[in-house]
Amino acid sequence: RHRVLSGMQPSADSLHLGNYLGALVNWVRMQDEYDAIFFIPDLHAITVPQDPAELARRTRVTAAQYIAGGVDVEKCTLFVQSQVPEHAQLAWVLNCITGFGEASRMTQFKDKAQKQGSDFASVGLFTYPVLQAADILLYQPHGVPVGEDQRQHVELSRDLATRFNSRFGETFTVPQPFIQKESAKIYDLQNPTAKMSKSAESPAGLINLLDDPKVTAKRIKSAVTDAETEIRFDREAKPGVSNLLTIFSGISGQTVEQLVAAYQGKMYGHLKTDLAEEVVARLSPIRDRANELLDDPAELDRLLAHGADKAREIAAATLSDVYAKVGFLPYG
Ligand code: TYM
């Protein structure tokens, strides 16, 4: 079986609907077909300032949502990045074959650094994509399922794999980016030309997996639409309605065309009411299950430690190959 690997940052109190429909649903589908590895990149999270207690809590909350959303620890490997030290170790080696200019061209760094201000942006933030390359290359995956926003980082991991292989001999599998279709991209409900993101200015456009169902329903019903009345898909002219249709399709499994046909002649209010109901029905059991898992943090930690043990077996083999190829002395 081919291997796939992906991760989502523990940087909010809840995953949002973009993470869910754009990534998690896809992961759950993939775990049946692939040897799947999913992890929580907490080392990446500290590239911007984090409150320590908050980070620990969010790491568990993220893990609980992966599992509640359908990630099955019996079928795949699920772990927390900082519990597998090989990530940081390989990242160092890869840092030493990455060009300064090459790292400077990463657009996500430029965006995030600008937000932090150049005196506050950390060196960790600068080498973030190199750590991501280490995450990937340690496990020799065939594919890395991510959204379009992560494409450049997967490309860097391909470049570094190829470079290492040609300099030191065949070591890494060169991974393919598995980019989710544009149709899996979810936009902010209040600002439907910007992607749904935890760093949005206002939470009103965000649907969180762990929010109270009343809040979720209210946000959907208050979503921005337009002055027309016709329900049709047109990303340019009708970004708000199109986003609602994308979400509806992702949640219900009906195609956008089927939905447009079903809502012909109906009003936006109808669409919103039905969508709110569908989303709440889908997310409520996930929320309940996540909260149940969070009631027993010791058991959750045990599951994650078990995942880290499984991951380490693979990661340690790759790292020791890399260390030997680079010329580090064998240990013991
Ligand atoms: P992160 O945590 O920003 O995002 C996790 C995944 O969610 C997707 N996504 C969305 N999809 C649809 N609509 C949206 N509004 C939306 N917002 C986010 C992202 O494309 C992504 O697939 N650097 C990575 C984490 C990472 C990683 C890795 C991923 C670290 N190491 C190794 C893959 C392999 C990140 O910050 O993703």
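What counts, and at which threshold
Residues numbered from 1 in each chain as written. Predicted model: local features only at pLDDT ≥ 70, side-chain atom pairs only at ≥ 80, totals over all residues. Heavy atoms only, no water. Axes fitted to C-alpha atoms, helices over the stretch in contact; angles between N-to-C directions. Helix = DSSP H or I, 4+ residues; strand = E, 2+ residues; numbered from the N terminus. Parallel < 35°, antiparallel > 145°, perpendicular 65-115°, else oblique. Contact = heavy atoms within 4.5 Å. Nonpolar A, V, L, I, M, F, W, Y, C, P; charged D, E, K, R; others polar. Near = heavy atom within 4 Å. Polar contact = N/O pair within 3.5 Å; in protein donor to acceptor, adjacent residues only side chain to side chain. Core = buried A, V, L, I, M, F, W, Y, C linked by side-chain atoms within 4.5 Å. Buried < 20%, exposed > 50% of the residue type's maximum accessible area, 1.4 Å probe, protein only. Expected span 1.5 Å × (residues − 1). Bend = angle between axes of the 7 residues up to and from the residue. Salt bridge = Lys/Arg side-chain N within 4 Å of Asp/Glu carboxyl O. Pairing = 2+ DSSP bridges. Right-handed = clockwise from strand over helix to strand, strands pointing away. Left-handed = near helix turned anticlockwise from the far one by under 90°. Phe/Tyr/Trp six-rings, centres within 6.5 Å; stacked < 30°, edge-to-face > 60°. Lys NZ or Arg CZ within 6 Å of the ring centre and 35° of its normal.

Here the focus is the packing of helix α1 (residues 17-33) against helix α13 (residues 268-294). At a closest axis distance of 13 Å, the pairing of α1 and α13 adopts a crossing angle of 80°. By the angle between their axes, α1 is roughly perpendicular relative to α13. Facing L17, Y20 and V25 of α1, the residues of α13 in contact are R282, L283 and I286. Tallied by class, residues from the contact of α1 with α13 come to five nonpolar, no polar and one charged.

Glancing now at the site of the ligand. Not every one of the 28 residues close to the ligand is listed here, only the nearest: Q9, Y128, D135, D149 and I186. Taking Q132, its side chain carries an N or O atom lying 2.9 Å from a nitrogen atom of the ligand. In the model, a nitrogen atom of the ligand is placed 3.0 Å from a nitrogen or oxygen of the Q150 side chain. Of all the secondary structure elements, the ones that give two or more residues to the shell around the ligand are β1 (3-7), α1, α8 (128-137) and β4 (143-146). In the shell around the ligand, the residues fall into 12 nonpolar, 11 polar and five charged.

Moving on, we get to the nonpolar core. Counting 56 residues, the largest nonpolar core has L17, Y66 and I247 as the members making the most contacts within it. In terms of residue count, the dominant contributor to this core is α13 (10 residues). Apart from residues no more than four positions distant in its own chain, L17 is found in contact with G22, I186, M196, I207, L209, I247, I251 and L283. With 38 residues, the next largest nonpolar core counts L90, I97, V154 and V322 among its residues.

This part is about α1. Relative to the 24 Å expected for 17 residues at 1.5 Å per residue, α1 spans 24 Å between its end C-alpha atoms, a close match to the ideal helical length. Residue A23 marks the point of greatest curvature in α1, where the axis turns by about 30°. Buried residues dominate α1, accounting for 12 of its 17 residues. Among the residues of α1, L17, G18, N19, Y20, L21, G22, A23, L24, N26, W27, M30 and Q31 are the ones counted as buried.

With that settled, the discussion passes to the pattern of salt bridges. Here the idea is simple: oppositely charged side chains can pair when their charged atoms come close. Counting across every chain of the model gives 21 salt bridges. Across the salt bridge formed by R3 and D35, the nearest N and O atoms sit 2.9 Å from each other. Here D35 lies in strand β2 (residues 35-40) and R3 lies in strand β1, a separation of 32 residues in the sequence. Overall, D35 belongs to the partly exposed group, its relative accessible area being 23%. Across the pair K238 and D226 runs a salt bridge whose closest N-O atoms are separated by 3.3 Å. Note that K238 is positioned in the loop between α10 (213-221) and α11 (239-252) and D226 in the loop between α10 and α11, a separation of 12 residues in sequence. Residue classification places K238 among the buried positions, given a relative accessible area of 0%.

A few words now on the side chain of N19. Note on placement: N19 falls in helix α1. With a relative accessible area of 15%, N19 lands in the buried category. Here N19 is in contact with M8 and L24, once residues within four sequence places are set aside.

In terms of strand pairing, β4 meets strand β5 (residues 176-179) through four bridges, oriented parallel. Counted as the bridge partner of G143 is Q176 from β5. You can see the chain leave β4, run along helix α9 (residues 151-168) and come back into β5, and the turn it takes is right-handed.

Here helix α3 (residues 52-68) crosses α13 at 130°, and the two axes come no closer than 8 Å. On the basis of their axis angle, the class for α3 and α13 is oblique. At the point where α3 passes α13, the crossing takes the right-handed sense. Listed contacts from α13 to R60, V61, A64, Q65, I67 and A68 of α3 are I286, R289, A290, L293 and L294.

The subject of this paragraph is the packing of aromatic side chains. This model, assessed by the stated rule, comprises 11 aromatic pairs. On the basis of an interplanar angle of 5° and a centroid distance of 4.5 Å, the ring pair of W27 and F38 is categorised as stacked. Of this pair, W27 sits in helix α1 while F38 sits in strand β2, placing them 11 residues apart in sequence. Owing to a relative accessible area of 0%, F38 belongs among the buried residues under this scheme. Aromatic ring contacts, followed pair by pair, group W27, F38 and Y66 into a single cluster. Taking NZ or CZ as reference, K266 lies 5.4 Å from the ring centre of Y263, over its face.

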